[in-house]
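So you can see what is in the structure, the chains are spelled out below.
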Amino acid sequence: MQAQDIFQPGVSARREPVQVGAPPGLLSSWVVMPVHFNSLKVLGMGEAVRVSCFGHQWDVVMNPGEIIYNGGAVDRYVSLAIHNRTEKVIEVEFKCIIKHPHGGPNISVGSGKISKFPSSASSHVVGDIGTYACTHFALRSVLMNYLVNVGTLTVEVHMRINKPGPVQFVPGNPILDNLLDDFNNKETATIKLEVGGSREGSTKRIKTMTTSFYAHHYILRLSAPVLADMCEPRDDRTHSEYSSCVPITDVQPEIFKHLLYYCYGGKIDEEDLRTNAKYIIEAADCFGVVNLKLEAEACYANTIELTLDNIVDVVTYAHSKNLALLKERCMNFLSSANKKEVAKRVSFANAPAQLL
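Bear in mind that the values here come from a model prediction, so they are computed numbers and not experimental data. (Residues numbered from 1 in each chain as written. Predicted model: local features only at pLDDT ≥ 70, side-chain atom pairs only at ≥ 80, totals over all residues. Heavy atoms only, no water.)

Section: the overall build of the protein chain
Next, step 1: Helix and strand counts for the protein chain stand at 11 helices and 12 strands.
Next, step 2: Within the protein chain, contacts between residues at least 6 apart in sequence are counted, and of these 62% link residues at least 24 apart.
Next, step 3: Roughly 22000 Å² of accessible area belongs to the protein chain as shown, and the carbon and sulfur atoms make up 52% of that amount. (Helix = DSSP H or I, 4+ residues; strand = E, 2+ residues; numbered from the N terminus. Contact = heavy atoms within 4.5 Å. Areas by Shrake-Rupley, 256 points an atom, 1.4 Å probe, with all protein chains shown as cover.)

Structure, rendered in structure tokens:
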């Protein structure tokens, strides 16, 4: 069977519709409120009618406007304004229509788009069409032709608002969650790290139990290059299932866990970071986790209490670990301290020469 050519005469082809403006369904249906002005013939100080729509109170106001002279005749404009009288901002599209009672042309004005109406506390008349008011809505002589029932002018106020469309779930990139799922995964890891084994005692190092951690070399290569270099695969494997097994003796297991979790994209709890900031700085500095070191330094610099008694120790530590932020805070502390007290209580005799 031969395929039909849809461009041949007599064969219709359906094309996708072209959308112009807001797609259907994003705006509510129009709410129409007929507003009757019964005193237009004697319009003096203005007429206002209050209506309710979308949970808001609105004043529709007609006022006498600018006087004009047309030959020997005197006429004047009539302004039309809409005010939000509720203490809450709302965004609506509106239009005002006066229909000719005998089928003539309608008079209309509108925003043409969704516009923001401020609350009653800040609402004011603005002489621009599409905002809150139109000062030159129509000439009074013209409006006289639109009266019904011996002096009543009917203004149809149309309003509509944005309505929420259907909520669509679009999944994000799962790579971070996938990496965290592989954190300390014994089954997929290529490296085993034995952390601990000793700690500083009052007079000597004390032997402790080691804690095993499991990692992937490519993760360490990207996040902790110094640690990755320590874990290069070896030919003489002591653990056949892992390419490398490395002892780590100069870091506490709980600190190493925070560092390794960070390498896999994890976020260290603020309380844990605040409590262990100095230890995390040292571990991150040791293994080349630069961003973690900066984060822990910022936390440490913001939480440490500087005094004239500890300022030399802190600035010396900042210099030894290349902590520019902490060093800057120390310098600011010294510059704002009482100079006589600094001279009396602070000695830089044992400080590095670079600091003097």
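A few points about the side chain of His217
Next, step 1: In this fold, His217 is placed in helix α3 (residues 217–223).
Next, step 2: A relative accessible area of 15% places His217 in the buried class.
Next, step 3: Beyond its immediate sequence surroundings of up to four residues, His217 is in contact with Thr190, Ile191, Ala228, Cys231, Glu232 and Pro233. (Buried < 20%, exposed > 50% of the residue type's maximum accessible area, 1.4 Å probe, protein only.)

A closer look at unusual backbone geometry
Next, step 1: Not every positive phi belongs to a glycine, and Phe54 is a case in point at roughly 55 degrees.
Next, step 2: Here Phe54 lies in the loop between β2 (47–53) and β3 (56–70).
Next, step 3: The partly exposed category is assigned to Phe54, whose relative accessible area is 28%.
Next, step 4: Positive phi, close to 55 degrees, is recorded for Asn184, a residue that is not glycine.
Next, step 5: Following the sequence through the fold, Asn184 ends up in the loop between α2 (175–181) and β10 (191–200).

Here's the deal with the nonpolar core
Buried together is how nonpolar side chains tend to be arranged in soluble globular proteins.
Next, step 1: With 52 residues, the main nonpolar core has Leu193, Leu227, Ile248, Phe256, Val289 and Leu326 as its most contacted residues.
Next, step 2: In this structure Leu193 touches Thr211, Ser212, Phe213, Ala215, Leu227, Cys231, Val246, Ile248 and Phe256, once residues within four positions along its chain are discounted.
Next, step 3: Core analysis: the next-biggest nonpolar cluster, separate from the first, contains 29 residues, Cys53, Ala138, Tyr146 and Val155 among them. (Core = buried A, V, L, I, M, F, W, Y, C linked by side-chain atoms within 4.5 Å.)

A look at a nonpolar patch on the surface
Next, step 1: A contiguous nonpolar patch, built from Ile67, Tyr69 and Val74 and spanning about 350 Å² of accessible area, is present on the exposed surface.
Next, step 2: When you line up the elements, Tyr69 lands in strand β3.
Next, step 3: Its relative accessible area of 64% is what places Tyr69 among the exposed residues. (Patch = residues over 30% accessible without salt bridge, like charges linked within 9 Å, V, L, I, M, F, W, Y side chains within 5 Å. Salt bridge = Lys/Arg side-chain N within 4 Å of Asp/Glu carboxyl O.)

Concerning helix α5 (residues 253–263)
Next, step 1: The element α5 is largely enclosed, with a buried count of eight among its 11 residues.
Next, step 2: Regarding α5, the residues found buried are Pro253, Ile255, Phe256, His258, Leu259, Leu260, Tyr262 and Cys263.
Next, step 3: Once α5 finishes, Gly265 follows within two positions and takes phi at roughly 95 degrees, a positive value.

Focus: the packing of aromatic side chains
Next, step 1: On inspection of all chains with the given rule, the structure shows eight aromatic pairs.
Next, step 2: Between Phe213 and Phe256, the ring centres sit 5.4 Å apart and the planes meet at 55 degrees, which makes this aromatic pair tilted. Within this pair, whereas Phe213 is found in strand β11 (residues 205–215), its partner Phe256 is found in helix α5, the two being separated by 43 residues in sequence.
Next, step 3: Accessibility expressed as a relative area gives 5% for Phe213, which makes it buried.
Next, step 4: Relative accessible area serves as the criterion here: at 1%, Phe256 is assigned to the buried category.
Next, step 5: An aromatic cluster is defined as three or more aromatic residues linked by ring pairs; in this entry it consists of Trp58, Phe94 and Phe117.
Next, step 6: For the cation-ring pair, Lys95 lies above Trp30, with the distance from its terminal atom to the ring centre recorded as 4.5 Å.
Next, step 7: Looking at Lys278, its charged tip hangs above the ring of Tyr317, at a distance of 4.6 Å from the centre. (Phe/Tyr/Trp six-rings, centres within 6.5 Å; stacked < 30°, edge-to-face > 60°. Lys NZ or Arg CZ within 6 Å of the ring centre and 35° of its normal.)

Description of the sheet that holds strand β8 (residues 133–139)
Next, step 1: The strand order across the open sheet formed by four strands is β2-β3-β4-β8, and the pairing between neighbours is antiparallel. For this open sheet the edge positions go to β2 and β8, each flanked by a neighbour on one side alone. Across this sheet, the average inter-strand angle for adjacent strands is 30 degrees, counted without regard to direction.
Next, step 2: Where β3 and strand β4 (residues 73–84) come together, 11 bridges link them in antiparallel fashion. (Pairing = 2+ DSSP bridges. Axes fitted to C-alpha atoms, helices over the stretch in contact; angles between N-to-C directions.)

Quick word on the packing of α5 against helix α7 (residues 277–287)
Next, step 1: Packing of α5 against α7 leaves a shortest axis separation of 10 Å and a crossing angle of 60 degrees. Classified by the angle their axes make, α5 and α7 are oblique. The way α5 lies across α7 gives a crossing that is right-handed. Of the residues in α7, those in contact with Ile255, Phe256, His258 and Leu259 of α5 are Tyr279, Ile280, Ala283, Ala284 and Phe287.
Next, step 2: Here the contact of α5 with α7 is composed, by residue class, of eight nonpolar, one polar and no charged. (Parallel < 35°, antiparallel > 145°, perpendicular 65-115°, else oblique. Left-handed = near helix turned anticlockwise from the far one by under 90°. Nonpolar A, V, L, I, M, F, W, Y, C, P; charged D, E, K, R; others polar.)

Observations regarding the side chain of Glu93
Next, step 1: By the element assignment, Glu93 lies in strand β5 (residues 90–98).
Next, step 2: Residue Glu93 is classed as buried on the basis of its relative accessible area of 10%.
Next, step 3: Among all residues touching Glu93, those that are not within four sequence positions of it are Leu27, Trp30, Ser111, Gly112, Lys113, Ile114, His158, Met159 and Arg160.

Observations concerning the confidence of the model for the protein chain
Next, step 1: Averaged over all residues, the pLDDT of the protein chain equals 82, while 81% of them reach at least 70.
Next, step 2: Mean pLDDT values over the elements of the protein chain span from 82, in β2, up to 97, in α5.
Next, step 3: Note on residues 18–25: pLDDT under 50 across the span, and three contacts to partners over four residues away in sequence or across chains.
Next, step 4: Every residue in residues 123–131 is under pLDDT 50, and counting partners more than four places away or in other chains gives 22 contacts. (pLDDT = per-residue confidence, 0-100.)

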